[in-house]
Amino acid sequence: MIELHDASYGYPGRTLLAGVSLTLSRASFHFLTGPSGAGKTTFLKLCYGELRPNAGRLSAFGADLAQLSRDDLAGMRRRIGVVHQDCEFLDHLTLAENVALPLIVAGRPIVESDLADLLAWVGLRGREGALPSELSGGERQRGALARAIIGAPDVILADEPTGNLDWEMSMRLLSLLVELNRMGKTVLIATHDLNLIRTAKTQVAARVLRIKDGQVQTAGADL
Amino acid sequence: MKPISTRSAAPATFAPGIDRIVPAAGASATLTLLAAAAMAFLAVFTLALAFSANRLADSWSGDLAATATVRISAAPDQADLQTRRVLEVLTTTPGVVSSREIPAEETRALLAPWFGPDLPVETLPIPRLVAITTEPQAFDAEGLRLRLSAEAPGAVLDDHSRWRAPLADTAVALRRIAVFSLALIGGATAAMVTLAVQASLAANGQVIRVLRLIGARDVTIARAFVRRYTLRATLGALAGTTVAAAAVAALPVVADGEFLTHLGFSGREWLWALSVPAIAAITALVATRAAALRRLRDEA
């Protein structure tokens, strides 16, 4: 699905990721952990093409990111659903419109009953007409997950999806992501919440990656 | 959970418009509306002035081309004789449709604006005038001049050519000025819409970023702005055109005033006025699309 070959990224004077080689294969489940500022969000941005590696190669769905045209890059992003830490909703649109946004921009019809089913699945039935400012933190995160998956993407990337949630809500969101993985989706969650990772490992065969000193390492039994 | 489908035949679809993704509020939106209305108003008036001036110049030029005047300046005892000879010559001149001596009352009326209504024409050495209606294609002014010089030495033919040339030049100049003015108005409209779109794009950077992240192509993002701003420009232009058309239609008609009588649109010329909103819409569409795509490309 997504492959990094000796990929590096950094700013002048600071290297965030150095020579990372990694493959996110189909239906795999990964956690990405590491201290704040280690480069987790940067790694995710590389994966969905918001950033491009300074060196090395990154390919998604068999295509080299550096070779993609702007339209091809947009097409690639439609195959990747992203749950941002701050949700990235459009404040003037309702929850239903925000969730349906990937289909709207893709020019695809939206079946009302399917949209209702999706919102019910993430526990947001009855909140369709609410504006983002009227949603709680948990509702926003679940709405962001609904938007990330409405286009039936192959890969789901989540950046600190439980960062602002209580434990019960975190477990609920995790169970949704695990269910998606069982449906064949590749899932990568960036988090520094080790309890979440430990709990998830009881439910799914998750691989844990840790970013340290610009390197992405496989975490061991200490988790 | 049931996977989301995109069935082709769905009983009910959720279909918010693509232009909904751009926030509706913003000063640039109101400015676009008002500026388009003002530009359309100016465009309609420019068209009205151009058509009026053109029509008037054509009318003057056409009337003068089909008429000529013979002025007979002779001693009082020769005036009647030479006038008769001129009329005789004119009856046998090819291209002359009709001729008549202008009576003293009519001459007095012609001179009234300069000398007042009580002008004693009889006591003044005013030349006799013979008005001729011609068929311009068949009329030979030079040939007639030669014949008149032989038959009536005091007769001078004025075929109005020295008046027609500047009128024709004026008509051409007015047409050019009108076209240039309309081009300026169109250019100003395009520039105004471009600035408004650029301001809107700058103000909606976060919206654009989110749209990109979920896989929106530049052309899709641009379309959202194009629709919104084209609609605003069209609505503004419709309002401006309506007000201008009503103002033109309501202009007073001055009974004896050649120019003011003709100011406005006539017959099919109204179609040009009605085309202003359509032209404004096309201008806004092209300008918005170009500005949006350029900005999106530059930002990437």
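None of these values were measured; they are calculated from a predicted model. (Residues numbered from 1 in each chain as written. Chains lettered and ligands numbered in written order. Predicted model: local features only at pLDDT ≥ 70, side-chain atom pairs only at ≥ 80, totals over all residues. Heavy atoms only, no water.)

## With respect to the overall build of chain B
Broken down by element type, chain B carries 9 helices and 4 strands. Taken from the N to the C terminus, the helices and strands of chain B come in the order α-β-α-β-α-β-α-β-α-α-α-α-α. In chain B, of all internal contacts separated by at least 6 residues, the share reaching a separation of at least 24 is 85%. Within the structure as shown, chain B displays about 16,000 Å² of accessible surface, and the carbon and sulfur contribution to it stands at 64%. (Helix = DSSP H or I, 4+ residues; strand = E, 2+ residues; numbered from the N terminus. Contact = heavy atoms within 4.5 Å. Areas by Shrake-Rupley, 256 points an atom, 1.4 Å probe, with all protein chains shown as cover.)

## Let's talk about the pattern of salt bridges
For the coordinates displayed, the defined rule picks out 14 salt bridges over all chains. A salt bridge links Glu-50 of chain A to Arg-209 of chain B, with the shortest nitrogen-to-oxygen separation between them at 3.2 Å. Here the residue Glu-50 of chain A occupies a position in the loop between helix H1 (40–47) and strand E4 (55–60), and Arg-209 of chain B occupies one in helix H6 (residues 205–213), the pair thus bridging two chains. Given a relative accessible area of 25%, Arg-209 of chain B falls into the partly exposed group. Two residues, Arg-212 of chain B and Asp-218 of chain B, come together in a salt bridge whose shortest N-O distance is 3.6 Å. Given a relative accessible area of 12%, Asp-218 of chain B falls into the buried group. Taken together, the shared-partner salt bridges connect Glu-50 and Glu-88 of chain A together with Arg-209 of chain B into one network. (Salt bridge = Lys/Arg side-chain N within 4 Å of Asp/Glu carboxyl O. Buried < 20%, exposed > 50% of the residue type's maximum accessible area, 1.4 Å probe, protein only.)

## Details of the confidence of the model for chain B
As a general rule, the predicted coordinates of low-pLDDT regions are not to be interpreted in detail. All names here are of chain B. For chain B, per-residue confidence averages 83 on the pLDDT scale, and residues scoring 70 or more make up 90% of the total. When pLDDT is averaged over each helix and strand of chain B, the minimum, 51, is found for helix H8 (residues 258–262) and the maximum, 92, for strand E2 (residues 96–101). Overall fold confidence (pTM) sits at 0.69, and the ipTM for the predicted complex is 0.85. (pLDDT = per-residue confidence, 0-100.)

## What to know about helix H6 (residues 167–182) of chain A
Residue and element names in this part refer to chain A. In a regular helix each residue adds 1.5 Å, so 16 residues correspond to 22 Å; H6 covers 22 Å between its end C-alpha atoms and thus fits that length. Restricting attention to buried positions, one finds in H6 the residues Met-169, Ser-170, Met-171, Leu-173, Leu-174, Leu-176, Leu-177, Val-178, Leu-180 and Asn-181. Those residues of H6 that are buried are in contact with strand E3 (29–33), helix H4 (112–121), helix H5 (137–149), strand E7 (155–159), strand E8 (186–190) and helix H7 (194–201). One or two positions beyond H6, positive phi appears at Gly-184, with a value near 105°. (Expected span 1.5 Å × (residues − 1).)

## Comments concerning the sheet that holds strand E1 (residues 2–11) of chain A
Residues and elements named next belong to chain A. In spatial order, the strands read E2-E1-E4-E5; together these 4 strands make up an open sheet with antiparallel pairing. Each edge of the sheet is formed by a strand with only one pairing partner; in this case those strands are strand E2 (14–24) and strand E5 (63–64). Where E1 and E4 come together, 5 bridges link them in antiparallel fashion. Among the inter-strand pairings, His-5 is bridged to a residue of E4, identified as Arg-57. Sheet contacts for H1: E1, E2 and E4; angle to E2, the most-contacted strand, approximately 55°. (Pairing = 2+ DSSP bridges. Axes fitted to C-alpha atoms, helices over the stretch in contact; angles between N-to-C directions.)

## Focus: H7 of chain A
Because an α-helix packs 3.6 residues into every turn, residues spaced three or four apart end up facing the same way. All names here are of chain A. Those residues of H7 lying buried are Leu-196, Ile-197 and Ala-200. Buried residues of H7, seen end-on, are gathered within an arc of 100° and therefore sit on one face of the element. Check the buried side of H7 and you find it contacts E3, H6 and strand E9 (206–212). N-cap assignment for H7: the residue whose side-chain oxygen lies 3.1 Å from the backbone N of Asn-195 is Asp-193. (Arc of directions from axis to C-beta. Polar contact = N/O pair within 3.5 Å; in protein donor to acceptor, adjacent residues only side chain to side chain.)

## Here we look at the interface of chain A and chain B
Listed as interface residues are 37 residues of chain A and, on the opposing side, 32 residues of chain B. When the two sides are added together, the surface that chain A and chain B hide from each other amounts to roughly 3,300 Å², 60% of it contributed by carbon and sulfur. When the area that chain A buries against chain B is broken down by residue, the three leading residues are Arg-70, Val-105 and Asp-114 of chain A, summing to 18%. Where chain A packs against chain B, one counts 4 salt bridges. If you look at where chain A meets chain B, you find 8 residue pairs in polar contact (both at pLDDT 80 or more). Within the residue set of the side of chain A that touches chain B, elements represented by two or more residues are helix H2 (70–78), helix H3 (95–106), H4 and H5 of chain A. By residue class, the composition of the side of chain A that touches chain B is 20 nonpolar, 3 polar and 14 charged. (Buried area = accessible area lost by both parts, 1.4 Å probe. Nonpolar A, V, L, I, M, F, W, Y, C, P; charged D, E, K, R; others polar.)

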